[in-house]
Amino acid sequence: HNLGDALQAMEDWEGAARSYRQAIALGSDSAWSHYNLGNVLFKLDRWDEAAKAYQGALALNSNLAGVRIKIDQALKLQAQQNLERILKSRRDKNSS
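Cut-offs and rules
Residues numbered from 1 in each chain as written. Predicted model: local features only at pLDDT ≥ 70, side-chain atom pairs only at ≥ 80, totals over all residues. Heavy atoms only, no water. Core = buried A, V, L, I, M, F, W, Y, C linked by side-chain atoms within 4.5 Å. Buried < 20%, exposed > 50% of the residue type's maximum accessible area, 1.4 Å probe, protein only. Helix = DSSP H or I, 4+ residues; strand = E, 2+ residues; numbered from the N terminus. Contact = heavy atoms within 4.5 Å. Phe/Tyr/Trp six-rings, centres within 6.5 Å; stacked < 30°, edge-to-face > 60°.

> Hey, could you run me through the nonpolar core in this one?
Note that soluble globular proteins tend to have their nonpolar side chains buried in a common cluster. Formed by 21 residues in total, the largest nonpolar core has its most connected members in Tyr35, Leu37, Val40, Leu41, Tyr54, Leu64 and Val67. At the level of elements, helix H2 (13–25), helix H3 (31–43), helix H4 (47–60) and helix H5 (67–94) are the ones that each hand at least two residues to this core. If you tally residues by element for this core, the top one is H4, at seven residues. Not counting chain neighbours up to four residues away, the residues in contact with Leu37 comprise Ala17, Tyr20, Arg21, Ile24 and Ala53.

> Help me understand the packing of aromatic side chains, please; the structure alone is not making it clear to me.
Between two aromatic rings, the relevant description is the distance of the centres plus the angle of the planes. This structure, assessed with the given rule, holds two aromatic pairs. The interplanar angle of 85° and the centroid separation of 5.2 Å between the aromatic rings of Trp32 and Tyr35 together place this pair among those described as edge-to-face. Taken together, the residues span about one helical turn, with Trp32 and Tyr35 both in helix H3 at a distance of three residues. Overall, the relative accessible area of 12% leaves Tyr35 in the buried class. Note on Tyr35 and Tyr54: the rings are 5.7 Å apart at their centroids and 55° apart in plane angle, and the pair reads as tilted. In this pair, Tyr35 sits in helix H3 while Tyr54 sits in helix H4, placing the two residues 19 residues apart along the sequence. Pair check on accessibility: Tyr35 and Tyr54 agree, each one buried. Through pairs of rings, three or more aromatic residues link up here, namely Trp32, Tyr35 and Tyr54.

None of the figures reported here should be taken as evidence of function without further support.
As structure tokens, this is what we get:
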């Protein structure tokens, strides 16, 4: 968890994500590990994964301030990305 925090401070998002995932895999029941994993995945535009990490944090601590808003933001951005992919795919098909 501490390594993830240090990597996040250095803006090593991939390294921080690996570190938080390792902490979680090793049995960390810290809501903050899940929450911070969500934050770095959000930075990496991996919104679906971020939402799942935030949901994990919420399951461990239902009183985390703002986590429901972060879940909502991540899911909206994921939906927007999915829509943009669909529209691009249709444009590409129509121009072929």
